[in-house]
Amino acid sequence: MSEKKILALIPARSGSKSVVDKNIKQIAGKPMIAYSIEHAQQSKYINRIIVSTDSEVYAKIAREYGAETPFLRPAEYATDTSLDIEVFEHALLWLKEQEDYEPDIIVQLRPTYPIRRVSDIDAMIEMMMADEEIDCVRTLAPATEVAHKMWYMGENGRIRPILTDIPEAYNMARQMLPKILYQNGNVDVIRAKVITEQHSMSGKNIVGYEMTDNFDIDTTAEFEKASQYLTIRAGGQRFVFDIDGVIALKREDLDYAQAEPNERMIRIINQLYEWGNEIILFTARGYVTGIDWKPVTLKQMEDWGVHYTELHMGKPNADFYVDDKMIGVDTLYNLFG
């Protein structure tokens, strides 16, 4: 356990308009807040976990999953417009006055992120412990929109660019513009004195920790996406994959010996297999021509490093397939980034 006092503070107010009671809404068999508590429990460095909530119902759930709830957050710090700094200053002041407890480092784990890598949390804490000059480490993800092509619009209809560091960047190809990252709110690691002395959630020396994915939940659609991912992540599901057009790039000439692998999909399949899901492969190879493609197919799966449970040769050839349990290739790409 770390010699430093490292507190995970999970802010979980009860009011939510986009998804009602989203912080305790059941997702893949557990209330949403439980995932952030478990992430903190699994950290090598976090040695205290507190949930700041204005609701005794939320507090009871938090305690059931192993977090402390030594206080209820006052209503004035639990509104739609309440700032993080108000929530954290209240918590730290209460802990100092009531328990004489002053943490060295605080890890903010928002409950709307049920999907995290604990290794990221620990890596961020290690960055801060290794450099006393760092005030804050926060997670970043690649921006999906090109910030250099964004504008402010004045009342008279005239527009001016948001970013002016590159002359006429809005007229340049996006490939020529620098990579832009946005703070995704997944994890924030903050030195406690930055909050208590600078009255800031970031301080002046901010270090970024880049991530490739983001599972913040603010809408019903985002909730469903995260729920599906967590269900898959838990394992025990049965996936059936077509080979050509999914695992192998499609060949119109039906010369499957020359097929090339879809490496992106193979990475996803192998991850599903590693999580304990059952992977069934099937193919219509030879259905029309009568050629036995099984030896070639088996060798390709081995050479391409595909991890699977069973391979089935034979599937009726068709122009369209209809299945009420279908999950599309694009959906898997979207889930796995």
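Residues numbered from 1 in each chain as written. Predicted model: local features only at pLDDT ≥ 70, side-chain atom pairs only at ≥ 80, totals over all residues. Heavy atoms only, no water.

Caption draft 1: The sheet that holds strand E4 (residues 48-52), seen in detail. Across the sheet, 6 strands lie side by side as E4-E1-E5-E9-E6-E10; this open sheet has mixed pairing. Two strands lie at the open edges of the sheet, namely E4 and strand E10 (206-210), each paired on one side alone. Pairwise comparison of adjacent strand axes, ignoring direction, gives a mean angle of 30° for this sheet. Summarising the sheet, strand E1 (residues 6-11) and strand E5 (residues 105-108) pair through 4 bridges and their orientation is parallel. Bridge pairing links Ile 6 to Ile 105 in E5. Across the sheet, helix H1 (residues 32-42) lies against E1 and E4, angled at about 160° from E4, the strand it touches most. (Pairing = 2+ DSSP bridges. Helix = DSSP H or I, 4+ residues; strand = E, 2+ residues; numbered from the N terminus. Axes fitted to C-alpha atoms, helices over the stretch in contact; angles between N-to-C directions. Contact = heavy atoms within 4.5 Å.)

Caption draft 2: Representation of the pattern of salt bridges in the model. Scanning the entire structure with this criterion turns up 19 salt bridges. A salt bridge links Lys 60 to Glu 64; the nearest nitrogen and oxygen atoms lie 2.7 Å apart. Of this pair, Lys 60 and Glu 64 both sit in helix H2 (residues 56-64), separated by 4 residues, roughly a single helical turn. For Glu 64, a relative accessible area of 52% gives the class exposed. (Salt bridge = Lys/Arg side-chain N within 4 Å of Asp/Glu carboxyl O. Buried < 20%, exposed > 50% of the residue type's maximum accessible area, 1.4 Å probe, protein only.)

Caption draft 3: Spatial organisation of the nonpolar core. Membership of the largest hydrophobic core comes to 33 residues, with the highest contact counts inside it found for Phe 241, Ile 247 and Leu 281. For this core, the secondary-structure elements that each account for two or more residues are H1, helix H6 (220-233), strand E11 (238-242), helix H7 (263-274), strand E12 (278-283) and helix H9 (329-336). Setting aside anything within four residues of it in sequence, one finds Ile 247 in contact with Phe 241, Asp 242, Glu 260, Pro 261, Asn 262, Ile 266, Ile 269, Leu 281, Met 301, Trp 304 and Val 306. In terms of nonpolar packing, the next biggest core, distinct from the first, is built from 29 residues, Ala 12, Ile 46, Val 51 and Ile 134 among them. (Core = buried A, V, L, I, M, F, W, Y, C linked by side-chain atoms within 4.5 Å.)

Caption draft 4: View of the sheet that holds E11. Strand order in the open sheet made by the 3 strands is E11-E12-E13, with parallel pairing throughout. Of all the strands in the sheet, just E11 and strand E13 (310-313) have a single pairing partner and so form its edges. Strand-to-strand twist in this sheet, taken as the mean axis angle between neighbours without regard to direction, amounts to 20°. Where E11 meets E12, 5 bridges bridge the pair, whose relative direction is parallel. Directly across from Arg 238, in E12, lies its bridge partner Glu 278. Running at roughly 160° to E11, H7 makes contact with E11 and E12 of the sheet.

Caption draft 5: Geometry of the packing of aromatic side chains. For the structure on display, the rule yields 5 aromatic pairs. Considering the side-chain rings of Trp 151 and Tyr 170, the 4.5 Å spacing of their centres and the 50° angle between planes classify their relative orientation as tilted. With Trp 151 in strand E7 (residues 151-153) and Tyr 170 in the loop between strand E8 (159-161) and strand E9 (181-191), this residue pair connects regions lying 19 residues apart in the sequence. The class for Trp 151 is partly exposed, based on a relative accessible area of 34%. Overall, the relative accessible area of 28% leaves Tyr 170 in the partly exposed class. Plain terms: the ring middles of Tyr 229 and Trp 275 are 5.7 Å apart, the flat faces sit at 80° to each other, and that makes the pair edge-to-face. Remark: Trp 275 occurs in the loop between H7 and E12 and Tyr 229 occurs in helix H6; sequence separation between them is 46 residues. (Phe/Tyr/Trp six-rings, centres within 6.5 Å; stacked < 30°, edge-to-face > 60°.)

Caption draft 6: How the structure looks around the side chain of Asn 270. The residue Asn 270 is located in helix H7 in this model. Not counting chain neighbours up to four residues away, the residues in contact with Asn 270 comprise Gly 305, Val 306 and His 307.

Honestly, that's just the spatial picture; any functional story needs more than this.
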